[in-house]
Amino acid sequence: MSQSGPLKTRKRERKVEDPKSRHKRHEAMEAVKALDSIRFGFSENPKEMEYFYDLFERVYCSGETLHTDKPTIGTLCIQAPYEIIYALGGVPVRLCNGFHTDEQSGGDFMPAKSCSLVKATLGMLNQHNIPTVDRLDFIVHPTTCDQKTKSISTIEDMGYSVYHMEFPRHKESEESREYWRRSVRSFAKELSVKIGRKLTRKSMKEAIKKVARAQLAYHRLSELMKNDPVPILGKDIFLVTNAFFFDDIERWTNRVHALCDELQKRVDEGYNAASKRSPRILYTGSPPIFPNLKLPLMIEQADGVVVADESCSANRLFNDMVSVDEWFLYDMVDAVADRYLKGCTCPIFTRNEDRKRRLADLAKRYSIDGVVYQSFAGCQVYEMEQRSIQRELEKIGIPMLYVETDYSPGQGGQLSTRIEAFIESLKVRKRRVDHKKRGAV
Amino acid sequence: MSRLKKFIDRADIRRFRFWVQLSAFILFVYGGYLSIDLGREMPVFICGYDQEAAGMCYFMPLQHQLARDWERLFSAAGLGVLSAFAIFLLWFIIFNKAWCGYICPLGTMQDWITLLRKKIGVAYSNYTQSQYSSLKKIKYIFLAIVIIFPLLMGAGLFGGEWRAAFCKMCPGRLITPMFVGDFSQWSIDFSSNTAIFLTAFGIAFTILFIVGSFVKKRFFCFYCPMSAMHYIFSPFSILRLKKEGDKCTKCGDCYRVCDMQIFDIADDVVSKNILRDDCILCLKCIAACPEEDALHLDIVNMALFRSTKDGFAKRMGVDKERE
């Protein structure tokens, strides 16, 4: 009996895929599928988008890694100050993850009804296999939302070197501002020790400007989305902003400008990337992160067009620029701190007046027809804020569709029916308004 | 016209302000040498003890006028007081509080001390919000001294040693004349206990002024009674600082650069008129605002200087390689 064992296995010898490479293969399959529908599901993509398609393919499908020569700092939230990381010669890599494969494996660490993004991030970190980089030197974790804050201990147990950055949950008071400034200052000190470099006036100034240039490039891109007809679809914009999570910042900035130049030409020619009566959608809520761009994709497959967004994977990431009064370290570090706290419209804060105002302002400036609000099932704060936002939008006469999603592909049919119905109703509304206008003339 | 507007919106307000301040300083402190006389109703601290000044701080004549016997004050002679006040008001409504941020020699001196601090690379300090909200009330106490003490003198309740009491306490009296080589104000008047107190206070306040403005931007302006007086009449001014709350993201950039730590500039998204009592209308907030049109300076409802993304980028020095 005991001898037949090895004999048998020898007979059935075949290559058994180990879990890690199976996981990798599944991820790559997911990435290929998402990228294909972004790239080939629509005709006439801007030529400059090729760089971004190619970047995602290299990183997520072929497993290429970037930034091998620099310390890589994983960030678990956009509140981790990029400027300080760049000033110390590091590269921030955002760890927020959009893979269903990772969501499933991360589910082991979290209660059943919890945020897909957090689960997916845990799943990815557990595999010790981060697309985009070959290693993580350090993880920064601002104590923003509950689920991330609690899961950080799990991440620490996985063997990562983690820095907890204390973040206030209320931003109106002066105490919270001072508290956050102190957090940022000690983060700067700690990171400087870890990396073994000194934060200097010159490097800090350079870093602030580097990030500001990227912000300006994004602002230019969003400015182009104000045009009606729109020169580019929203799914591409999400891909561009997602690329910012890991791409070299200067290369990214240049590429965005190149894209803007092409889009400007399209605007001048009166090119329409959508169709004649495509409703203009403002996207808000839980961040679409590659490859989970299904919601923007569904909207645009249903003939809507996402022209603006209020989410931490795009608009909120770039919105507020740092202003410095005295170009010294003492002022620059505080200025950076303020940018991350004061203008943030994350729902984890007690009040959400700023988010309401931001949405109303975006709706006005981008001539929005309807708002799509996505909340990852289990993301309490987004779920809770949904009502007050809906009420606010009702006041200005903008319809809102609220959807709860996760990363599972099975949800597709039902979700797309709701999206299609919403877009259709917006179209009817638009047509009626158009008729009225024509009637009036 | 639109090109001119763009030029203004992209202006380097810091440099502009430096040169305006310098010219105003020279004009007011040394104008007397060129026999320039703008009168005695200036809404800024240009001290009358400076023999060569081109004008005089309104508080000096005001205190003298209000100290007249009540019988005289409330007779036809009171018209003189009113007409002086009217002239003060006329001067004021043209520039509003920009008198503080661009013209006041005492304010300019504080900015120069700040420049010196920056040269050395010393960090500034700020008040906490609670310190700030109690300290800022002091200027109204000073304003009461300027207005009520002379009236009490006129009523016979206070003696002559209280004459121009605020002037005796004011750092302007000691500092401004020094620029024309007059150091005689640095003395204590021993004629009475009140005079000793007032002049000693003046010297102490002046030393505090110099030290204070080295560590805190515009240290004195928090306590300035002229600023309090301005605020009372600022609703009549043709120059306004306005804010469009719905365009504001509350990023706080404006608050950060504000020398006067005005919290409302960033956090009040309801008021349209955002000029507060401490404001010196230096316009740094507009220059630091990255949002299109969220803050603007209006002259009779016409935007003179607006916050723009473009201007912001230029002032931050991040627009270069794009053009």
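What counts, and where the lines are drawn
- Residues numbered from 1 in each chain as written.
- Chains lettered and ligands numbered in written order.
- Predicted model: local features only at pLDDT ≥ 70, side-chain atom pairs only at ≥ 80, totals over all residues.
- Helix = DSSP H or I, 4+ residues; strand = E, 2+ residues; numbered from the N terminus.
- Rg over C-alpha atoms; globule rule 2.2 N^0.38 Å.
- Buried ≥ 20, exposed ≤ 12 C-beta atoms within 10 Å, placed from the backbone.
- Contact = placed C-beta atoms within 7 Å.
- Axes fitted to C-alpha atoms, helices over the stretch in contact; angles between N-to-C directions.
- Parallel < 35°, antiparallel > 145°, perpendicular 65-115°, else oblique.
- Left-handed = near helix turned anticlockwise from the far one by under 90°.
- Core = buried A, V, L, I, M, F, W, Y, C linked by C-beta atoms within 7 Å.
- Domains from an automatic or database assignment.
- Nonpolar A, V, L, I, M, F, W, Y, C, P; charged D, E, K, R; others polar.
- Pairing = 2+ DSSP bridges.
- Right-handed = clockwise from strand over helix to strand, strands pointing away.

A. Spotlight on the overall build of chain A. Scanning chain A from N- to C-terminus turns up 17 helices and eight strands. For 441 residues, the compact-globule estimate of 2.2 N^0.38 gives 22 Å, and chain A sits close to it at 23 Å. Projected onto the principal axes, the alpha-carbon positions of chain A cover approximately 90 × 65 × 40 Å. Across the 441 residues of chain A, 50% fall into the buried class. Considering only residue pairs separated by 6 or more positions, chain A has 75% of its internal contacts joining residues 24 or more positions apart.

B. Layout of the packing of helix α9 (residues 201–224) of chain A against helix α14 (residues 329–342) of chain A. All names here are of chain A. α14 packs onto α9 with a crossing angle of 30° between their chain directions and a minimal axis gap of 10 Å. When the axis of α9 is compared with that of α14, the two are roughly parallel. The crossing of α9 and α14 is left-handed. Contacts from Arg-201, Met-204, Lys-205 and Ile-208 in α9 reach Leu-329, Met-332 and Val-336 in α14.

C. View of the nonpolar core. Residues Leu282(A), Cys57(B), Cys254(B) and Cys285(B) are the most contacted members of the largest nonpolar core, which totals 212 residues. Broken down by element, this core gets its largest block of residues, 10 residues, from α9(A). Two domains each put at least three residues into this core: domain 1 (13–231) and domain 2 (238–317) of chain B. Not counting chain neighbours up to four residues away, the residues in contact with Cys285(B) comprise Cys254(B), Val257(B), Cys258(B), Ile265(B) and Leu295(B).

D. Fine view of the interface of chain A and chain B. Residue-level contacts link 25 residues of chain A with 24 residues of chain B. Going through the elements one at a time, α9, α14 and α15 (353–365) of chain A are the ones with two or more residues in the side of chain A that touches chain B. Residue composition of the side of chain A that touches chain B, grouped by class: seven nonpolar, four polar and 14 charged.

E. Spatial organisation of the pairing of strand β8 (residues 400–405) of chain A. All names here are of chain A. The pairing of strand β7 (residues 370–376) with β8 spans six bridges and is classified as parallel. Across the sheet, the residue bridging to Phe-376 is Thr-405, located in β8. In terms of handedness, the path from β7 via helix α16 (residues 380–395) over to β8 forms a crossover that is right-handed.

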